[in-house]
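Fold and contact review
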Amino acid sequence: MMYSKQSAAFLRKQFWTNFGQYLAPIPAAAGNKINWINYKTGARFINFKMDASDEQAYIGIEISHNDVATQQLFFSHFKTLRPELEDAVAEKWIWKEAVPVNGKNISRIYTTLHNINIYQQDDWPAIITFLKNRIIVLDHFWNDHKDIFEMIA
């Protein structure tokens, strides 16, 4: 089904608003209130990203340091923590050291949920469950390990 740009934008906004409201009562691992949709790691070049489209939902860690060597160092440190991360999320994630984005390479550690559609409200519970469980686990993982990355930043 095709949606007008306006209709698609409205549905996306409605989904993310609902998602944010659903997660709002859940405190961060550190016990503070958090904006789950725009999760701030506190490390300038490390971001937790979530997205959903008409084909899939995505959640991941993105490393986008301007200095390639520093980016590779961050990615290498994440790789040493791979068993802990994948144990925490209880699944294997995709690890890509260099992904071209807007003329620049970033590193990604991510997973996707296929065959869902953000424009179909019947799919929202599956998308919300997929993203919610993983962003909470990422928050706990980050709370336990962020000091390592802050030292090398």
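A look at the packing of aromatic side chains
Here the distance between the centres and the angle between the planes together describe a pair of aromatic rings. Taken as a whole and judged by the stated rule, the model has 14 aromatic pairs. Centroid distance Trp16 to Phe19: 5.6 Å. Interplanar angle 90°. Geometry classified as edge-to-face. You can see Trp16 and its partner Phe19 sitting in helix H1 (residues 5-23), three residues apart, about one turn around the helix. Per residue, the accessibility class of Trp16 equals that of Phe19, and both read buried. A ring pair is formed by Trp36 and Tyr39, whose centres lie 6.3 Å apart and whose planes are at 40°; its orientation type is tilted. Tyr39 shares its class with Trp36; the two are buried. Chaining the aromatic ring pairs together yields one cluster made of Trp36, Tyr39, Phe48, Phe74, Phe78, Phe141, Trp142 and Phe149.

Regarding the sheet that holds strand S4 (residues 104-114)
The four strands are arranged S1-S2-S4-S3 in an open sheet whose pairing can be described as antiparallel. The open sheet has two free edges, formed respectively by strand S1 (46-52) and strand S3 (94-101), since each of these has just one partner strand. Each adjacent strand pair in this sheet contributes to an overall mean axis angle of 30°, direction not counted. Both S1 and strand S2 (residues 56-63) contribute to a ladder of seven bridges, which runs antiparallel. Pairing of Ala52 across the sheet is with Ala57, part of S2.

About the criteria used
Residues numbered from 1 in each chain as written. Predicted model: local features only at pLDDT ≥ 70, side-chain atom pairs only at ≥ 80, totals over all residues. Heavy atoms only, no water. Phe/Tyr/Trp six-rings, centres within 6.5 Å; stacked < 30°, edge-to-face > 60°. Helix = DSSP H or I, 4+ residues; strand = E, 2+ residues; numbered from the N terminus. Buried < 20%, exposed > 50% of the residue type's maximum accessible area, 1.4 Å probe, protein only. Pairing = 2+ DSSP bridges. Axes fitted to C-alpha atoms, helices over the stretch in contact; angles between N-to-C directions.

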